[in-house]
Amino acid sequence: AQNLKGINIAQILSIADGIDVVPDTVDVVRELKNRGYIVGIISDSYDVVAQHVKNKIGADFAFAYELEFSNSVATGEVKVPSFFLRTEKSLCSHSICKSNAMITVAQKYAIPLSNIVAIGDSDPDLCMIRFAGIGVAFCSPSELLKSVADYRIEEKKFHRILEIAG
């Protein structure tokens, strides 16, 4: 967050637009939604970027850390939303975890965790991958994440998710 201090929202979104999304993302999201799936992003990045990407790919929700702004300029401060925090319903012992956000999604949309397909690429995704009904390691360098995932995708394409999700 400190690296973004003094940068305005438009500049941050311009930087985000410069980062390529996986080429078939929009098509896979569209097909999953046609099949009745709810598709979203749970990120330990910043909400302004996650919401922008959510809109770009047609996802239903985006949960991320809240980058603070004053007069549309980043202050360099960040807040961790409560849905990332440990509660009595948490499945792991981490005080902050993406699996807690996944539990929030499950409750919000009345989806059993056993029906959730979680995709991640790094160690912060570990608990989410472990506790989802289907966990997918996506182009991950983490051997630990790959070891707990039900499936591995090594190619930077999401089309295989359509087979995995059924």
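Everything that follows concerns the structure shown earlier in this document.
### Description of the overall build of the chain
Within the chain, the regular secondary structure consists of seven helices and six strands. Each helix and strand of the chain, ordered N terminal to C terminal, gives the series α-α-β-α-β-β-α-β-α-β-α-β-α. Computed over its C-alpha atoms, the radius of gyration of the chain comes to 16 Å, within 12% of the 15 Å expected for a compact globule of 166 residues. Overall, the chain is about 45 × 40 × 30 Å in size when its C-alpha atoms are taken along their principal axes. Going through the 166 residues of the chain one by one, you find that 39% of them count as buried.

### So, the packing of aromatic side chains
Given two aromatic rings, their pairing is described by the distance between the two centres and the angle made by the two planes. Enumeration according to the criterion identifies six aromatic pairs in this entry. Judged by centre distance (5.3 Å) and plane angle (55 degrees), the rings of phenylalanine 61 and phenylalanine 63 are tilted. In this structure, phenylalanine 61 and phenylalanine 63 share a single accessibility class: buried. Here phenylalanine 138 and phenylalanine 158 contribute two aromatic rings whose centre-to-centre distance is 4.3 Å and whose plane-to-plane angle is 20 degrees, an arrangement assigned as stacked. You can see phenylalanine 138 sitting in strand S5 (residues 134-138) and its partner phenylalanine 158 sitting in the loop between strand S6 (151-153) and helix H7 (159-165), a full 20 residues away along the chain. The exposure class assigned to phenylalanine 138 is buried, which follows from its relative accessible area of 7%.

### Things to note about a nonpolar patch on the surface
A surface patch of nonpolar side chains, amounting to about 200 Å² of accessible area, comprises Val80, Leu85 and Ile96. With respect to the helices and strands, isoleucine 96 occurs in the loop between strand S3 (73-79) and helix H4 (98-108).

### Side note on H4
Taken across its eleven residues, H4 has eight buried, putting it largely inside the fold. Contacts from the buried residues of H4 go to strand S1 (40-46), strand S2 (61-70), strand S4 (117-120) and helix H5 (126-131). Once H4 ends, the next one or two residues include alanine 110, with phi positive near 55 degrees.

### Considerations on the sheet that holds S6
Taken in spatial order, the three strands line up as S4-S5-S6 in an open sheet, and their pairing is parallel. Two strands close off the open sheet at either side, each with one partner strand: S4 and S6. With strand direction ignored, the average angle separating the axes of adjacent strands in the sheet is 25 degrees. When S5 meets S6, the two strands line up parallel, connected through three bridges. The residue of S6 that forms the bridge with alanine 137 is arginine 152.

### A look at the environment of glycine 76
With respect to the helices and strands, glycine 76 occurs in strand S3. Distance in space between the C-alpha atoms of glycine 76 and isoleucine 38 is 32 Å, their sequence separation being 38 residues. Excluding anything up to four places from it in sequence, glycine 76 contacts Ala1, Gln2 and Lys5.

### Topic: the side chain of aspartate 125
In this fold, aspartate 125 is placed in the loop between S4 and H5. A relative accessible area of 3% places aspartate 125 in the buried class. Sequence-distant contacts of aspartate 125, that is, excluding residues within four places in its chain, are made with Lys98, Gly120 and Leu145.

### What about the pairing of S5?
The element S5 is extensively covered by neighbouring structure, given that four of its five residues are classed as buried. When S4 meets S5, the two strands line up parallel, connected through four bridges. Along S5, the bridge assignment pairs valine 117 with isoleucine 134. Remark: the S4/H5/S5 crossover connection has right-handed handedness. Since S5 and S6 lie parallel, the crossover through helix H6 (residues 143-148) that links them has a hand, and here it is right-handed.

Cut-off values and rules
Residues numbered from 1 in each chain as written. Predicted model: local features only at pLDDT ≥ 70, side-chain atom pairs only at ≥ 80, totals over all residues. Heavy atoms only, no water. Helix = DSSP H or I, 4+ residues; strand = E, 2+ residues; numbered from the N terminus. Rg over C-alpha atoms; globule rule 2.2 N^0.38 Å. Buried < 20%, exposed > 50% of the residue type's maximum accessible area, 1.4 Å probe, protein only. Phe/Tyr/Trp six-rings, centres within 6.5 Å; stacked < 30°, edge-to-face > 60°. Patch = residues over 30% accessible without salt bridge, like charges linked within 9 Å, V, L, I, M, F, W, Y side chains within 5 Å. Areas by Shrake-Rupley, 256 points an atom, 1.4 Å probe, with all protein chains shown as cover. Salt bridge = Lys/Arg side-chain N within 4 Å of Asp/Glu carboxyl O. Contact = heavy atoms within 4.5 Å. Pairing = 2+ DSSP bridges. Axes fitted to C-alpha atoms, helices over the stretch in contact; angles between N-to-C directions. Right-handed = clockwise from strand over helix to strand, strands pointing away.

Remember, this is a structural readout, not a statement about activity or role.
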